[in-house]
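One letter stands for each residue in the lines below.
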Amino acid sequence: MLKKKILFVCLGNICRSPAAEEVMRSFVEKEGLSSLFYIDSAGLTSFHRGEMPDRRMRDHASIRGYSLTHLSRPLIIEDFYNFDMILGMDKQNMKSLYKMAPETSVENKIYRLTDFCVKYKADDIPDPYYGGPEGFDYVMDLLEDTCNGLINYLKNDLLS
Ligand code: 4NP
């Protein structure tokens, strides 16, 4: 079976999207579905290219058992062709993703991660970079909730 290729995108690719990538990878592993997925993340800017995730994000992820090792990379046009789903974190990310999409035929691959919320009601996964520790904790809450929703959606999709 062809792997489902999923790309999480945020602004810097050092906080939200590398954490989303690892939460999703961990959920997929727990379900025994690793062979069916390819999961990656990217940033809308290249400011942090090659960097490890932000120390604060790594610490908050680690408390919950996730080890973040992704190195920041910018989103490239080929990603719109290579991935099946491209998931942005907030309104600004969504605007940028639609702006960057090379043609309208790939726009149906763009999703907002909060569309998959289960317990929480949120439109955005807010940028935690300039805030305090509670922002990173809230990001982890939302990522666990949305990745849970996303994997259930994809399980139905894969079985149909
Ligand atoms: P991210 O957070 O988009 O979740 O990786 C940010 C990281 C860095 C910056 C902004 C947001 N920055 O301005 O450098």
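Each chain has its residues counted from 1, running along the sequence as written. At least 70 in pLDDT is required for a residue's local features to be given in this predicted model, at least 80 for side-chain atom pairs to be given and counted, and no such filter applies to totals for whole chains, interfaces and linings, which use all residues. With hydrogens and water set aside, each side-chain value is computed from the structure's full complement of heavy atoms.

### Here we look at the overall build of the protein chain
Each helix is a run of DSSP H or I of at least 4 residues and each strand a run of E of at least 2, with the numbering of both proceeding from the N terminus. Within the protein chain, the secondary structure is distributed over 5 helices and 4 strands. Atoms counted for the radius of gyration: C-alpha only. Globule rule: 2.2 Å times the number of residues to the power 0.38. Its C-alpha radius of gyration of 14 Å places the protein chain within 12% of the 15 Å reference for a compact globule of 160 residues. Principal-axis analysis of the C-alpha atoms places the extent of the protein chain at approximately 40 × 35 × 30 Å. The buried label goes to any residue with under 20% of its type's maximum accessible area, the exposed label to any with over 50%, and the partly exposed label to all in between, with areas taken from a 1.4 Å probe on protein chains only. When the 160 residues of the protein chain are sorted by exposure, 49% land in the buried category. Relative to all contacts within the protein chain whose residues are 6 or more apart in sequence, the contacts with residues 24 or more apart total 73%. When checking whether two residues touch, look at their non-hydrogen atoms; a contact exists if any pair is within 4.5 Å.

### A look at the packing of aromatic side chains
Centres within 6.5 Å are what make two rings of Phe, Tyr or Trp a pair, Trp counting through its six-membered ring; a difference in plane orientation under 30 degrees is then read as stacked, over 60 as edge-to-face, and the rest as tilted. Within the structure shown, the criterion is met by 5 aromatic pairs. Ring geometry for Tyr120 versus Tyr138: centroids 6.3 Å apart, planes at 65°, classification edge-to-face. On the criterion of sequence distance, the pair formed by Tyr120 in the loop between β4 (110–112) and α5 (133–159) and Tyr138 in helix α5 is long-range, its members being 18 residues apart. Looking at Tyr138, the relative accessible area reads 31%, which means it is partly exposed. Ring-over charges, as used throughout, are those where CZ of Arg or NZ of Lys falls within 6 Å of the ring centre and within 35 degrees of the ring normal. A cation sits over an aromatic face here: Arg56 above Tyr129, 5.3 Å from the ring centre.

### Description of the pairing of strand β2 (residues 37–43)
Among the 7 residues in β2, 6 count as buried, and that is most of the element. Pairing between strands is defined by DSSP: at least two bridges between the two strands are required. In this structure, strand β1 (residues 4–10) lies alongside β2, joined through 7 bridges in parallel fashion. The residue of β2 that forms the bridge with Phe8 is Ser41. With respect to chirality, the unit in which β1 leads through helix α1 (residues 16–30) into the neighbouring parallel β2 is right-handed. When the strands point away from the viewer and the path from the first strand over the helix to the second turns clockwise, the crossover is right-handed.

### Observations regarding the layout of surface pockets
Taken as a whole, the largest pocket holds about 180 Å³ of empty space. Using only the protein atoms, space was sampled on a 1 Å grid; points where a 1.4 Å probe fits but cannot get out form cavities, open sets with protein on both sides within 12 Å along at least five of seven lines form pockets, and lining residues are those with an atom within 4 Å of a point. Around the largest pocket, the lining is made up of 14 residues, and of these Leu11, Gly12, His48, Asp127 and Tyr129 lie nearest the centre. Grid points are joined across faces, edges and corners, and a volume is the space filled by probe spheres set on the points.

### Looking at the sheet that holds β4
With parallel pairing, 4 strands are arranged side by side in an open sheet as β2-β1-β3-β4. Each edge of the open sheet carries a strand with a single partner, namely β2 and β4. Direction aside, neighbouring strands of the sheet carry axes that sit 25° apart on average. Across 3 bridges, the pairing between strand β3 (residues 85–88) and β4 is parallel. Geometry is summarised by axes, namely lines fitted to C-alpha atoms with helices restricted to the contacting stretch, and by angles between N-to-C directions that run from 0 to 180 degrees.

### Some points on unusual backbone geometry
Positive phi, normally seen in glycine, also occurs at Asn13, with a value near 60°. Position of Asn13 among the secondary structure elements: in the loop between β1 and α1.

### Overview of helix α4 (residues 91–100)
Every buried residue of α4 is accounted for by Asn93, Met94 and Leu97. Axial view of α4: buried residues confined to an arc of 100°, hence all on one face. Among the exposed residues of α4, those pointing more than 90 degrees away from its buried face are Lys95 and Lys99. Next to the buried residues of α4 lie β1, α1, α3 (77–82), β3 and β4. With a side-chain oxygen lying 3.2 Å from the backbone nitrogen of Gln92, the N-terminal cap of α4 falls on Asp90. Read the arc as the range of directions from the helix axis to the C-beta atoms. Under the rule applied, a polar contact is a pair of N or O atoms within 3.5 Å (in protein, one hydrogen donor and one hydrogen acceptor; residues adjacent in sequence only if both atoms are side-chain atoms).

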